[in-house]
Amino acid sequence: MSDLFGNDAPAPERGNEPRVDAPLADRLRPRDLREIIGQEHLTGPTGAIGRMVAAGKLSSMILWGPPGTGKTSIARLLADAVGMRFVSISAVFSGVADLKKAFAEADKLASAGQGNKVRTLLFVDEIHRFNRAQQDGFLPFVERGTVTLVGATTENPSFELNAALLSRSQVLILERLSHDALEALLARGEALEGPLPLTEEARAALIASADGDGRFLLGQAETLYNAALTEPLDPAALGQFLQRRVAVYDKNREGHYNLISALHKSLRGSDPQAALYYMARMLTAGEEPMYVLRRLVRFASEDIGLADPNALTQCLAAKDAYEFLGSPEGELAIVQACLYLATAPKSNAAYAAQKAAFKSARETGSLMPPQNILNAPTKLMKDIGYGKGYAYDHNSEDGFSGDNYWPEDMEPQTYYEPAERGFERKVKERIDYWSRLRSERQTRASKDA
């Protein structure tokens, strides 16, 4: 066996062995940081955890990573590695009273006489479930060193933890377990329980189904062991035997925003295959189809616009089709809209024009339009010049008067600049044509004056 830094070292002695009837994941729980799989970027000699263990001193930290990647095991083994007392609290089951008790005990042990002081590592699982006020309660004890806080979360700390707590902690990111890491973990289970009743192809499919979650993989393996199968299963039989894994996706939190961002950017990058993949990820994970449709409608205007005016029509038609058919039949219409958007010519000219025009309107919102284009519904308004001199374009040469429609105290602006792509190429030709006519008529009017 190798030590934390890859050097040969004796295997750690067994202690507090789990019961023989304990779940497989518990029986395989690492007994030493050397046995942690898949997080070498943290536990290796140049990793944050490796450096702290080598120095024999821990700082408060937040372990952020997907389920089944070893957060709890790392926290417990860290305390062992540096000789600290380990106290564990779950934010799901614990409240303020539990926290006060843990802090009081840690404070008492930290204040003991010389030689009797005990340092406490307080592990808080699902720390994001504590509200902001409860999170503030950690601060004085962390600052004084009463406890070294190790929090575990599956959620983005930037969104779920307050800034004061983050400023006093190091955020360490655990990676989803790779195929090789899951393979090594499964091999440990087989060394304990014997070969799984699977063909090689089914074994690979089982590892892939874990989606980086070691705990889930061991749970599925234990299900297979408990079944006492007499013949190896192939991938098809395995799929029928095991329940399909529910995608790890919380549509109210970060996974939701990550996937919609990936979908939007894949559409913008004209990659229909990737766009379809991310949309499928969302829908199979339980995302509301109408939300996906709303995002597609937004994309049609923001990133395609007049480069293909049919893009917006396709999205609205998909919405109507889905409302008419429901799931799962109506989801094909969403797929069609997604593929249309990904393969359509792209232009953000309308989006850029909106931002520029809105900014200009906020800055010049008090300027009056020129009187000649104002309505004159009353005699008084007509007498003071409203509507006087208005040139009716349909009565003008080429159906275009070339008049000035801007406030007197404002220079004409250019907000919308069509791209040379798709239908906007035609739009650009029209705008350029009108610009030439306007320039010619203004030059002619200036000479006549």
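To keep things clear, this report deals only with the structure shown in the data block. (Residues numbered from 1 in each chain as written. Predicted model: local features only at pLDDT ≥ 70, side-chain atom pairs only at ≥ 80, totals over all residues. Heavy atoms only, no water.)

**A few points about the pairing of strand β4 (residues 147-153)**
Point 1. Buried residues dominate β4, accounting for 7 of its 7 residues.
Point 2. Across 4 bridges, strand β1 (residues 61-64) lies against β4 in parallel orientation. The partner of Ile62 across the bridge, within β4, is Gly151.
Point 3. Taken together, the 6 bridges between strand β3 (residues 120-125) and β4 define a ladder with parallel strand orientation. When the bridges of β4 are listed, Leu121 appears paired with Thr148. (Buried < 20%, exposed > 50% of the residue type's maximum accessible area, 1.4 Å probe, protein only. Helix = DSSP H or I, 4+ residues; strand = E, 2+ residues; numbered from the N terminus. Pairing = 2+ DSSP bridges.)

**Observations concerning the pattern of salt bridges**
Point 1. On inspection of all chains with the given rule, the structure shows 21 salt bridges.
Point 2. Residue Glu126 is joined to Arg129 by a salt bridge in which the shortest nitrogen-to-oxygen separation is 3.5 Å.
Point 3. For Glu126, a relative accessible area of 21% gives the class partly exposed.
Point 4. Among the salt bridges present, the one from Glu190 reaches Arg203, with a minimum N-O distance of 2.6 Å. Of this pair, Glu190 sits in helix α10 (residues 179-193) while Arg203 sits in helix α11 (residues 200-209); the two residues are 13 residues apart in sequence, bridging distant segments of the chain.
Point 5. Given a relative accessible area of 11%, Arg203 falls into the buried group. (Salt bridge = Lys/Arg side-chain N within 4 Å of Asp/Glu carboxyl O.)

**What to know about the packing of aromatic side chains**
Each aromatic ring pair is described using two quantities: the centre-to-centre distance and the angle formed by the ring planes.
Point 1. Taken as a whole, this structure holds 7 aromatic pairs when the rule is applied.
Point 2. The interplanar angle of 90° and the centroid separation of 5.7 Å between the aromatic rings of Phe103 and Phe138 together place this pair among those described as edge-to-face. Pair noted here: Phe103 is in helix α5 (residues 96-110) and Phe138 is in the loop between α6 (132-136) and α7 (139-144), with a separation of 35 residues, a long-range link. The burial state of Phe103 is the same as that of Phe138; both residues are buried. (Phe/Tyr/Trp six-rings, centres within 6.5 Å; stacked < 30°, edge-to-face > 60°.)

**Comments concerning α10**
Point 1. Between the first and last C-alpha of α10 there are 21 Å, a value that for 15 residues agrees with the 21 Å anticipated at 1.5 Å per step.
Point 2. Among the residues of α10, Ala181, Leu182, Leu185, Leu186, Gly189 and Glu190 are the ones counted as buried.
Point 3. Packed against the buried residues of α10 are α11 and α12 (214-227).
Point 4. Phi for Gly194, located one or two positions after α10, is positive at around 100°. (Expected span 1.5 Å × (residues − 1). Contact = heavy atoms within 4.5 Å.)

**Thoughts on helix α4 (residues 71-82)**
Point 1. Over its 12 residues, α4 runs 17 Å from end to end, which matches the ideal 16 Å to within 8%, given 1.5 Å per residue.
Point 2. Within the sequence span of α4, burial applies to Lys71, Ser73, Ile74, Ala75, Leu77, Leu78, Ala79 and Val82.
Point 3. Where the residues of α4 are buried, they touch α3 (48-55), β1, β2 (85-90), β3 and β4.
Point 4. Downstream of α4 by a residue or two, Gly83 has a phi angle that is positive, lying close to 70°.

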